[in-house]
Amino acid sequence: MLFYSFFKSLVGKEVTVELKNDLAITGTLHSVDQYLNIKLNDIFVTEQDKYPHLLSVKNCFIRGSVVRYVRLPAEEIDHQLLQDTARKEAESNRTNPTA
């Protein structure tokens, strides 16, 4: 749930999603769900020469299982909050392994 909560805080920001097939799509994060499926608006493909058929696409839904990386704007990341939350989640998993 850590990443889901984190991505929900980035709704409305520009992100780049790199897929497992090496396609990289940049767009405005519209929504994300608990499976880390991502919906982007106002998209563009970083390698337009390689994927010309995607030039006319403006919105897309990306299944979470095909995502390799999500590049985030550096100024939007609160490193301290992310580290604290990850530490708390790891600690709760150690004390309650069934959760």
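In this text, all values refer to a predicted model and were calculated from it rather than measured experimentally. (Residues numbered from 1 in each chain as written. Predicted model: local features only at pLDDT ≥ 70, side-chain atom pairs only at ≥ 80, totals over all residues. Heavy atoms only, no water.)

Draft legend 1. Examining the nonpolar core more closely. Among the nonpolar cores identified, the biggest contains 18 residues, and V17, L19, I25, I38, L40 and I62 are the most heavily contacted of them. Sorting the residues of this core by element identifies α1 (2–8), β1 (14–19), β2 (24–32), β3 (38–45) and β4 (59–62) as the ones contributing at least two each. With four residues, the single largest contributor to this core is β3. Excluding its chain neighbours within four sequence positions, the residues that come into contact with L40 are V15, V17, I25, G27, T28, L29, H30, K58, N59, C60 and I62. (Core = buried A, V, L, I, M, F, W, Y, C linked by side-chain atoms within 4.5 Å. Buried < 20%, exposed > 50% of the residue type's maximum accessible area, 1.4 Å probe, protein only. Helix = DSSP H or I, 4+ residues; strand = E, 2+ residues; numbered from the N terminus. Contact = heavy atoms within 4.5 Å.)

Draft legend 2. Highlighting the confidence of the model for the chain. For the chain, per-residue confidence averages 87 on the pLDDT scale, and residues scoring 70 or more make up 96% of the total. Between the elements of the chain, mean pLDDT differs from a low of 78, seen in α1, to a high of 96, seen in β4. (pLDDT = per-residue confidence, 0-100.)

Draft legend 3. Expanded view of the pairing of β4. The alternating pattern of β4 places C60 and I62 on a buried face and N59 and F61 on a face that is not buried. As defined by bridge partners, β3 adjoins β4 across four bridges and the pair is classed as antiparallel. Its bridge partner being in β4, I38 is matched across the sheet by I62. (Pairing = 2+ DSSP bridges.)

Draft legend 4. Local environment of the sheet that holds β4. Taking strand neighbours across the sheet as the criterion, the five strands line up as β4-β3-β2-β1-β5 in an open arrangement whose pairing is antiparallel. Strand pairing shows two members of the sheet lacking a second neighbour, β4 and β5 (67–71), which therefore form its edges. Adjacent strand axes in the sheet meet at a mean angle of 40 degrees, parallel and antiparallel pairs treated alike. In this sheet, β5 lies alongside β1 in antiparallel orientation, the contact comprising four bridges. Residue pairing for β5: V17 is matched across the bridge by V70. (Axes fitted to C-alpha atoms, helices over the stretch in contact; angles between N-to-C directions.)

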